[in-house]
Amino acid sequence: SFFILRTFEDLDTVPQNELSLIQFPTRELFEEELGSFDLVVLMNFEYGPYGIGPYLENLRRYVYEGGALAMVGGDQAFSSGNYFGTPLAEALPVELFVPGWMRQSGGASADDPLVSTEEFSPQLTEEGRHHPVTRLRFEDRENQARWQSLPKLEGVNLVGGAKAGATVLLTHPFLKTQDSGPLPVLTVAGYGSGRSLALITDTSWRWGFWAAGKAGDDGRAYQQFWENAMRWLIRDPELEYLQVESSRSVYAPGDAPD
């Protein structure tokens, strides 16, 4: 993992080579070592300032040939991160949002937002009720109740909708796509031999930190969600096995299941 603590916009009073222990290993990661990774996660990450643009085709091909990709939202992700029209956009399970100014004049306008900052509670779709990524509980009603109990999220990237063949697991309760369908918040799909996931918000951490502050909530939904997502993306064989959950840890002889 690489955590960017300073950006090129920060005020610098010393040379760049004195601000970092190591330079971002762009060529090594995206040309030499990419095939050794099971999963690539781009979490609110804009590729441009770090010289990754020439390697986006490598990343697209990595997914197509069996790799896994997750893009997580934020003000530097999806269209806000200038991924529209790049090779990597082909591997995403959602169409990137194309604002009117891009279609008509090619010039930017502050009247065409690429993000929404309102709070919301994502809604499980019919597919999301049974998909391994969004199964926080095995029993359907308990799973739905668990999702409904989670803290609200804040902010989403605007996207154009799910691509053909993609599966939408969570939708926005009131925001719509350009074709008036529910805005997909969490979408997954196969791409070639690989898989990709798009989560268009960067506040899923609230399912952990904020939830843990509520009575009766252990805050594990965040960890469980991401464990589910990563295991699905990398095709963890354990997801193919039958899993049984017991209501009690100990049964006395002759007890009937609850």
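Everything numeric in this text was worked out from a predicted model, so none of it was measured.

Considerations on the overall build of the protein
- If you tally the helices and strands in the protein, you get five helices and ten strands.
- The buried share among the 258 residues of the protein stands at 43%.
- For the protein, the proportion of contacts with a sequence separation of at least 24, taken over those separated by at least 6, is 65%.
- In the form shown here, the protein has an accessible surface area of approximately 14,600 Å², with 51% of it arising from carbon and sulfur atoms.

Quick notes on the environment of methionine 230
- Structurally, the position occupied by methionine 230 is in helix H5 (residues 221–233).
- Given the relative accessible area of 37%, methionine 230 is considered partly exposed.

Describing the side chain of threonine 177
- Mapped onto the secondary structure, threonine 177 falls in the loop between strand S8 (167–176) and strand S9 (182–191).
- Given a relative accessible area of 10%, threonine 177 falls into the buried group.
- With residues up to four places along the chain from it excluded, the contact list for threonine 177 reads Val159, Gly160, Gly161, Pro182, Leu183 and Pro184.

What to know about the environment of histidine 130
- With respect to the secondary-structure elements, histidine 130 resides in the loop between strand S5 (123–124) and helix H4 (140–149).
- Taking the relative accessible area as the measure of exposure, histidine 130 reaches 45% and is therefore partly exposed.
- Placed ten residues apart in sequence, histidine 130 and aspartate 140 show a C-alpha to C-alpha distance of 7.5 Å.
- Not counting chain neighbours up to four residues away, the residues in contact with histidine 130 comprise Arg135 and Asp140.

Points about the sheet that holds S9
- Strands sit in the order S1-S2-S10-S9-S8-S5 across an open sheet of six strands; the sheet is mixed. At either margin of the open sheet sits one strand with a lone partner, and together these are strand S1 (40–43) and S5.
- For strand S2 (residues 68–72) and strand S10 (residues 194–199), the ladder comprises five bridges, and the chain directions are parallel. Residue pairing in the sheet places alanine 70 in a bridge with leucine 197 of S10.
- Its contacts with the sheet put H5 on S2, S9 and S10, and the angle it makes with S10 is roughly 150°.

Things to note about the pattern of salt bridges
- Within this structure, the stated rule accounts for nine salt bridges.
- Linking glutamate 57 and arginine 60 is a salt bridge whose minimum nitrogen-to-oxygen distance equals 2.7 Å. Taken together, the positions of glutamate 57 and arginine 60, both in helix H2 (residues 56–64) and three residues apart, correspond to about one turn of that helix.
- Taking the relative accessible area as the measure of exposure, glutamate 57 reaches 28% and is therefore partly exposed.
- For the salt bridge of aspartate 140 with arginine 129, the shortest nitrogen-to-oxygen distance reads 2.2 Å. Within this pair, whereas aspartate 140 is found in helix H4, its partner arginine 129 is found in the loop between S5 and H4, the two being separated by eleven residues in sequence.
- For arginine 129, a relative accessible area of 21% gives the class partly exposed.
- Overlapping salt bridges, with partners in common, bring together Glu57, Arg60 and Arg61 in one network.

Details of the environment of arginine 60
- Judged by its relative accessible area of 14%, arginine 60 falls in the buried class.
- Arginine 60 has contacts with Pro87, Leu88, Glu90, Ala91 and Tyr191, leaving out every residue within four places of it along the chain.

Regarding the confidence of the model for the protein
- Looking at the protein, pLDDT values average 86 and 82% of them are 70 or higher.
- Taken as a whole, residues 101–110 scores under 50 in pLDDT and shows eight contacts with residues more than four places along the chain or in a different chain.

Overview of the side chain of asparagine 157
- Inspection of the secondary structure puts asparagine 157 in strand S6 (residues 153–157).
- On the basis of relative accessible area, asparagine 157 is assigned to the buried category, the value being 2%.
- Polar contacts involving the side chain of asparagine 157 include one to the main-chain carbonyl oxygen of glycine 74, which spans 2.8 Å.
- Not counting the four nearest positions on each side in its chain, asparagine 157 is found in contact with Gly73, Gly74, Ala77, Phe78, Ser80, Leu114, Val115, Leu183 and Ile200.

Focus: the packing of aromatic side chains
- According to the stated counting rule, one finds nine aromatic pairs in the structure shown.
- Judged by centre distance (5.4 Å) and plane angle (85°), the rings of tryptophan 207 and phenylalanine 225 are edge-to-face. Residue tryptophan 207 is found in the loop between S10 and H5, and its partner phenylalanine 225 is found in helix H5; the two are separated by 18 residues along the sequence.
- The class for tryptophan 207 is buried, based on a relative accessible area of 1%.
- Overall, phenylalanine 225 belongs to the buried group, its relative accessible area being 0%.
- Members of the aromatic cluster, connected to one another through ring pairs, are Trp147, Trp207, Phe225 and Trp226.
- Here the guanidinium or amino end of arginine 60 rests over the ring plane of tyrosine 64, the centre of that ring lying 6.0 Å away.
- Its guanidinium or amino end placed over the ring of tryptophan 210, arginine 206 lies 3.9 Å from that ring's centre, counting from NZ or CZ.

How each quantity is defined
- Residues numbered from 1 in each chain as written.
- Predicted model: local features only at pLDDT ≥ 70, side-chain atom pairs only at ≥ 80, totals over all residues.
- Heavy atoms only, no water.
- Helix = DSSP H or I, 4+ residues; strand = E, 2+ residues; numbered from the N terminus.
- Buried < 20%, exposed > 50% of the residue type's maximum accessible area, 1.4 Å probe, protein only.
- Contact = heavy atoms within 4.5 Å.
- Areas by Shrake-Rupley, 256 points an atom, 1.4 Å probe, with all protein chains shown as cover.
- Pairing = 2+ DSSP bridges.
- Axes fitted to C-alpha atoms, helices over the stretch in contact; angles between N-to-C directions.
- Salt bridge = Lys/Arg side-chain N within 4 Å of Asp/Glu carboxyl O.
- pLDDT = per-residue confidence, 0-100.
- Polar contact = N/O pair within 3.5 Å; in protein donor to acceptor, adjacent residues only side chain to side chain.
- Phe/Tyr/Trp six-rings, centres within 6.5 Å; stacked < 30°, edge-to-face > 60°.
- Lys NZ or Arg CZ within 6 Å of the ring centre and 35° of its normal.

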